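# Coordinates in review
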Amino acid sequence: MLRGKTALLRTDFNIRNVQDSLRLESSLSTLKFLLTAGATVVILSHRGRPLKKIKGRGSRVTISKTETLRLVLPFFGKHLRSKIIFFPHFDFEKIRITIRNAPSKSIFLLENLRFLEGEEANVPALGKILASLGDIYINDAFAVSHRKNASLTQIPKFLPSYAGLLLEKEIKTLGALSKNPQKPFVVILGGAKASDKIGVLKRFLPHASAILLGGVPANTFLKARGFNIGTSVFESSMLPEAKHLLTNKHIVLPVDFLSDKGKFLDIGPETTRRFLELMHHAKTILWNGPMGLFEDARFIKGSAALARAISKSRAH
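### Details of the sheet that holds strand S2 (residues 40-44)
Pairing is parallel across the open sheet formed by six strands, whose spatial order is S5-S6-S2-S1-S7-S8. Of all the strands in the sheet, the pair left with one neighbour each is strand S5 (84-87) and strand S8 (161-163). Recorded for the sheet is a direction-independent mean angle of 25° between the axes of neighbouring strands. As defined by bridge partners, strand S1 (residues 6-10) adjoins strand S7 (residues 136-139) across four bridges and the pair is classed as parallel.

What follows is the structure in structure tokens.
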């Protein structure tokens, strides 16, 4: 079925550096499956947010080339023992001809799709152009599947489309957790957005023994409660929803913080102790998003403590 076909494989290579190899390793199973079946593979992916709006008169978009996908080539060269042909440009006619003339089981990687304005703007024409590079489309980018990007929502309009092995695994795992998880079931939600996490919270709230909040979700809920969060980041549009959900006794908010210039940037030691206590007897743990600005070594302690506890836990 796949022999002689060209598969467009949408992956998630959104890493800071090659040491963050988990996402790269996770993409190997689908990639190896396609190659073993005799397909040519064209990898489509993204990294970071390279498009930046310049405000003011004559507003325009600039591209930060530091988010290139070229950095993943050594990793795949080592793990696949095959040469990957990298396209550093978006001359789609040349790309199409190169793919068409290549032997079967060749591997291609396009440059960061977010270098194209049409990707995050979800432009149908870009989806059509990308679709013209292959015969089938496979989405294995679970982490961005909720986004309305051209490579995720437009390509399937033009090609037969399937889920990759990683996407299938994620959906099966989350499906089981949303129906009948082993209890106590602890959900940990953090990160830089509340809007992305409210849906997750509401989905698992009927089954969770405790939902532990950190990061911007916690700030938003604290603000909704009337707590002084200083200059901490929160999402004002989520305040009514957060205020309504605060009546649920299973939602657990931080009680102390590590701060800088009035901003809460990590959970404090007392909150960490309480969270670890609730996690200790858990039989199932779902973690989505760090507890603070973990990229800064001063504010990684909360997230690191939870990670260490999870690594030692016998919970699923």
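After that view of the structure, there is still more to cover.
### Quick look at the packing of aromatic side chains
This structure, assessed with the given rule, holds eight aromatic pairs. Measuring from ring centre to ring centre gives 6.0 Å for Phe90 and Phe92, while their planes differ by 35°; the resulting arrangement is tilted. Using a relative accessible area of 22% as the deciding quantity, one classes Phe90 as partly exposed. The structure contains a cluster of three or more aromatic residues connected by ring pairs, namely Phe13, Phe75 and Phe76.

### Some thoughts on the packing of helix H2 (residues 28-36) against helix H3 (residues 73-80)
Packing of H2 against H3 brings their axes to within 12 Å, and their N-to-C directions diverge by 55°. It follows that H2 is oblique to H3 by the angle criterion. By crossing handedness, the relation of H2 to H3 is classed as right-handed. Judged by residue contacts, Leu28, Leu31, Lys32 and Leu35 of H2 engage Phe75, Phe76, His79 and Leu80 from H3. Considered class by class, the residues forming the contact of H2 with H3 number six nonpolar, one polar and one charged.

### Looking at the environment of Thr284
Its location among the elements puts Thr284 in strand S14 (residues 284-288). In sequence terms Thr284 and Glu25 are 259 residues apart; their C-alpha atoms lie 24 Å from each other. If near-sequence neighbours (up to four positions away) are discounted, Thr284 is found in contact with Leu177, Pro181, Gln182, Pro184, Phe185, Val186, Ala315 and His316. Within the local environment of Thr284, its side chain forms a polar contact with the backbone oxygen of Gln182, the two atoms lying 2.7 Å apart.

About the thresholds
Residues numbered from 1 in each chain as written. Predicted model: local features only at pLDDT ≥ 70, side-chain atom pairs only at ≥ 80, totals over all residues. Heavy atoms only, no water. Pairing = 2+ DSSP bridges. Helix = DSSP H or I, 4+ residues; strand = E, 2+ residues; numbered from the N terminus. Axes fitted to C-alpha atoms, helices over the stretch in contact; angles between N-to-C directions. Phe/Tyr/Trp six-rings, centres within 6.5 Å; stacked < 30°, edge-to-face > 60°. Buried < 20%, exposed > 50% of the residue type's maximum accessible area, 1.4 Å probe, protein only. Parallel < 35°, antiparallel > 145°, perpendicular 65-115°, else oblique. Left-handed = near helix turned anticlockwise from the far one by under 90°. Contact = heavy atoms within 4.5 Å. Nonpolar A, V, L, I, M, F, W, Y, C, P; charged D, E, K, R; others polar. Polar contact = N/O pair within 3.5 Å; in protein donor to acceptor, adjacent residues only side chain to side chain.

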